[in-house]
Amino acid sequence: MLIGAGLVAISFAISPDLWVRWIETMQLNTGYLGPGYFTIPIPLAPRLVAAVVVMVFAARTDRAWLLPVAGWLALSVLWWPTMAALIAALHRPAVAASRDIGEH
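Because the structure is predicted, anything quoted here is derived from the model rather than measured. (Residues numbered from 1 in each chain as written. Predicted model: local features only at pLDDT ≥ 70, side-chain atom pairs only at ≥ 80, totals over all residues. Heavy atoms only, no water.)

Caption draft 1: Representation of a nonpolar patch on the surface in the model. Taken together, the side chains of Val-52, Met-55 and Leu-67 present a nonpolar region at the surface, about 240 Å² in accessible area. Mapped onto the secondary structure, Met-55 falls in helix α3 (residues 44–60). Judged by its relative accessible area of 33%, Met-55 is partly exposed. (Patch = residues over 30% accessible without salt bridge, like charges linked within 9 Å, V, L, I, M, F, W, Y side chains within 5 Å. Areas by Shrake-Rupley, 256 points an atom, 1.4 Å probe, with all protein chains shown as cover. Salt bridge = Lys/Arg side-chain N within 4 Å of Asp/Glu carboxyl O. Helix = DSSP H or I, 4+ residues; strand = E, 2+ residues; numbered from the N terminus. Buried < 20%, exposed > 50% of the residue type's maximum accessible area, 1.4 Å probe, protein only.)

Structure representation (structure tokens):
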């Protein structure tokens, strides 16, 4: 987490306007529901809290496979198609775990 914080600090020092624009973009997209059937209508604030909790838990328990879950929760708008990327990211650890169980 310190490396990530360091990278954020360096990038902010180099170009703070990009961080301001990114936050504005997040705010503008928050709550966007699109045509209605492509989005998952869960508010951003609780998802960000959940993303931080998942990320901290993943870091403290050495569960890197949870990081895509935290990233997915932190998206400004949850689109159903983004679940495909989440499932793909989680598939490899699940396959590896099933192989480990079969070896015992």
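Caption draft 2: Main features of the nonpolar core. Listed in full, the eleven residues of the largest apolar core are Ile-40, Ala-51, Val-54, Ala-58, Leu-66, Val-69, Ala-70, Trp-72, Leu-73, Leu-78 and Leu-86. Mapped by element, the contributors of at least two residues to this core are α3 and α4 (67–73). Ranked by residue count, the leading element in this core is α4, at four residues. (Core = buried A, V, L, I, M, F, W, Y, C linked by side-chain atoms within 4.5 Å.)

From the geometry alone we can't say anything about function, so treat these as descriptive.
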